[in-house]
Structures are given as structure tokens and as C-alpha cells.
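# Secondary and tertiary structure notes
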Amino acid sequence: MGDQRAFNHLVEVYQGPLICFVHSLLGRSEGAEDIVQGVWLTVVKKIYTLRDPLLFSVWLYQIARRKVYVELRRARTNFVLGEVEEPLIHPPDVPIQLEVEEEVEKLYLCLQKIKTEHREVLMLQFLEQMSMDQIAFVTQSKVGTVKSRIYYAKLSLRKEMERLS
């Protein structure tokens, strides 16, 4: 019974951020919850393969990313989508002060317009607060590649923000 409570706690903590992450990579909300449900099924089946419990969140996001890319391949969608089809959902439980709400909306609008590979590294770094090593693990890239993607992602995001100003 303790395992069930622990699992429920993990779902409670990670469900919202995972849906946000999957939605942002897919570029649409349709199918995001199904993918996240598949992530949880994989977690249940493969939890024994996790060697370091401290890396759970990184492992979880790696599973989610893999499932998104499988779905994109299945839908024969180009991996570098560039733009998403519908607005990103706000990450759950992130308080937004009224005076900055407009800027946050602008940020999310601009995030929709940058490449998927750029959007994912920014979300992992700033929303999930992952280190470069953790992002490299999730994206199955080298740390240098992650640093480069973050650099170019910030440039792309800045350009999009300036266009809206």
C-alpha cells in the first residue's frame, strides 16, 4: 500500500509539468494526456531500471521526450516544427502576478514560434530547473550540444520577443 501512495504522490507532483512539457513538444494539446499516461505506464513497468532515485525526474522527462518523438514520427511530423498549432498551456501551480501576466502571455506566444529542440531545452532548464548534465541525459545529447541549443534558443526567443514589442 505504501508503494501506491508513493506512486500517487509522484503523479501528483509531476503530472501537470509533464503535460505542459509534452504539450509544448507536440505543439498541440490533443494526445498530450495520452502520452503522459503512457509515460506513467512505462514508469510502473520499468522503475526497477532506475539506478539512482535522485535522477527520477530526469529519467521521467527522458521517457516523456521519447514518447513524444515516437508520436511525432508516427504522425509523420517533422521534428523541428518551428511553430505549434495552438497556445501552450501554462505550467500548473506557477503563480502569475497580474502586473506581469501580459509579459508571460507574450513569452508563451514567442515560445510557440521557436524550434522544438530550442523550446524543449528552455523548458527543461527554466521550468524544470534541470542542470546541463540532466538536460543532456533527457535529450540524449552532449553537454556542449545542450549549451549550444540553449544559447541559440535564447537568441531565437529574444528575436521573437522583440518582434512583438
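Please refer to the structure placed before this passage.
These remarks concern the structure in this document.

Definitions and cut-offs
Residues numbered from 1 in each chain as written. Predicted model: local features only at pLDDT ≥ 70, side-chain atom pairs only at ≥ 80, totals over all residues. Heavy atoms only, no water. Helix = DSSP H or I, 4+ residues; strand = E, 2+ residues; numbered from the N terminus. Buried < 20%, exposed > 50% of the residue type's maximum accessible area, 1.4 Å probe, protein only. Salt bridge = Lys/Arg side-chain N within 4 Å of Asp/Glu carboxyl O.

## Re the environment of V68
Looking at where V68 falls in the secondary structure, it is placed in helix α3 (residues 56-74). Residue V68 is classed as buried on the basis of its relative accessible area of 0%. Residues V68 and L25, spaced 43 residues apart in sequence, show a C-alpha to C-alpha distance of 7.0 Å.

## Re the environment of L60
The residue L60 is located in helix α3 in this model. With 21 residues separating them in the primary sequence, L60 and V39 have C-alpha atoms 7.5 Å apart.

## Focus on the pattern of salt bridges
The full count for this structure, using the stated rule, is three salt bridges. When the shortest N-O distance is used, the salt bridge between R65 and E120 registers 2.9 Å. Here the residue R65 occupies a position in helix α3, and E120 occupies one in helix α5 (residues 116-127), the gap between them amounting to 55 residues.

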